[in-house]
Amino acid sequence: QEGVITAILDNVFNKHKRQHVMAEQMEMVLSSYGKLATQRVLDRTPQICWQTCRNLPGSLQEELGSVTDEVVEKSLNVSEETRNMYQEMVSTLKDLQEAMDVVRRIQ
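Residues numbered from 1 in each chain as written. Predicted model: local features only at pLDDT ≥ 70, side-chain atom pairs only at ≥ 80, totals over all residues. Heavy atoms only, no water.

K.L.:
For this particular structure, what's the right way to read the confidence of the model for the chain?
P.N.:
It should be kept in mind that the predicted coordinates are not to be read in detail where pLDDT is low. Considering every residue of the chain, the mean pLDDT works out to 86; 98% of them sit at 70 or more. Across the chain, the secondary-structure element scoring lowest on mean pLDDT is helix α2 (residues 58–65), at 81, and the one scoring highest is helix α4 (residues 80–106), at 94. (pLDDT = per-residue confidence, 0-100. Helix = DSSP H or I, 4+ residues; strand = E, 2+ residues; numbered from the N terminus.)

What follows is the structure, given as structure tokens:
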């Protein structure tokens, strides 16, 4: 009987080992695919942007072409007023979430 139990345990461990090896191989395949797919997206993005811009009407192309670095920088900077409004909204959201938690606890 000891030989039978040993054989059963060996089969279980061998099966687990095969599944573990297959899982590692699958992980490697998925990782490689992810890297390839990410690179493909990064490679295609400028082409898609260029094709999109070429399909825009001429007047819009001219407007986009005349945008300067200063205009882009200015549009990326957040005003003090906007920053304050954002903080106020975050505070209001926190208060509302706390009120919702109280209502949920009461129910």
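K.L.:
Explanation requested: the pattern of salt bridges in the structure shown.
P.N.:
Note that side chains of opposite charge can pair when their charged atoms are close. With the rule as written, the count across this model stands at two salt bridges. Of the charged contacts, one joins E80 and R83 as a salt bridge, the two residues approaching to 3.0 Å between their closest N and O atoms. Separated by three residues within a single helix, E80 and R83 lie in helix α4, roughly one turn from each other. By relative accessible area, R83 is classed as partly exposed at 38%. (Salt bridge = Lys/Arg side-chain N within 4 Å of Asp/Glu carboxyl O. Buried < 20%, exposed > 50% of the residue type's maximum accessible area, 1.4 Å probe, protein only.)

K.L.:
Hey, could you run me through a nonpolar patch on the surface in this one?
P.N.:
On the surface, L60, L64, V67, V71, V72 and L76 cluster together to form a nonpolar patch covering roughly 520 Å² of accessible area. Mapped by element, the contributors of at least two residues to the nonpolar patch are α2 and α3 (69–76). Relative to the helices and strands, L64 is located in helix α2. In this structure L64 comes out as partly exposed when scored by relative accessible area, which is 48%. (Patch = residues over 30% accessible without salt bridge, like charges linked within 9 Å, V, L, I, M, F, W, Y side chains within 5 Å. Areas by Shrake-Rupley, 256 points an atom, 1.4 Å probe, with all protein chains shown as cover.)

K.L.:
Is there a simple way to explain the environment of E73 in this structure?
P.N.:
Tracing the chain through its elements places E73 in helix α3. Among the residues examined, E73 registers a relative accessible area of 51% and is labelled exposed. Remark: the alpha-carbon pair of E73 and V4, spanning 69 residues in sequence, is separated by 75 Å.

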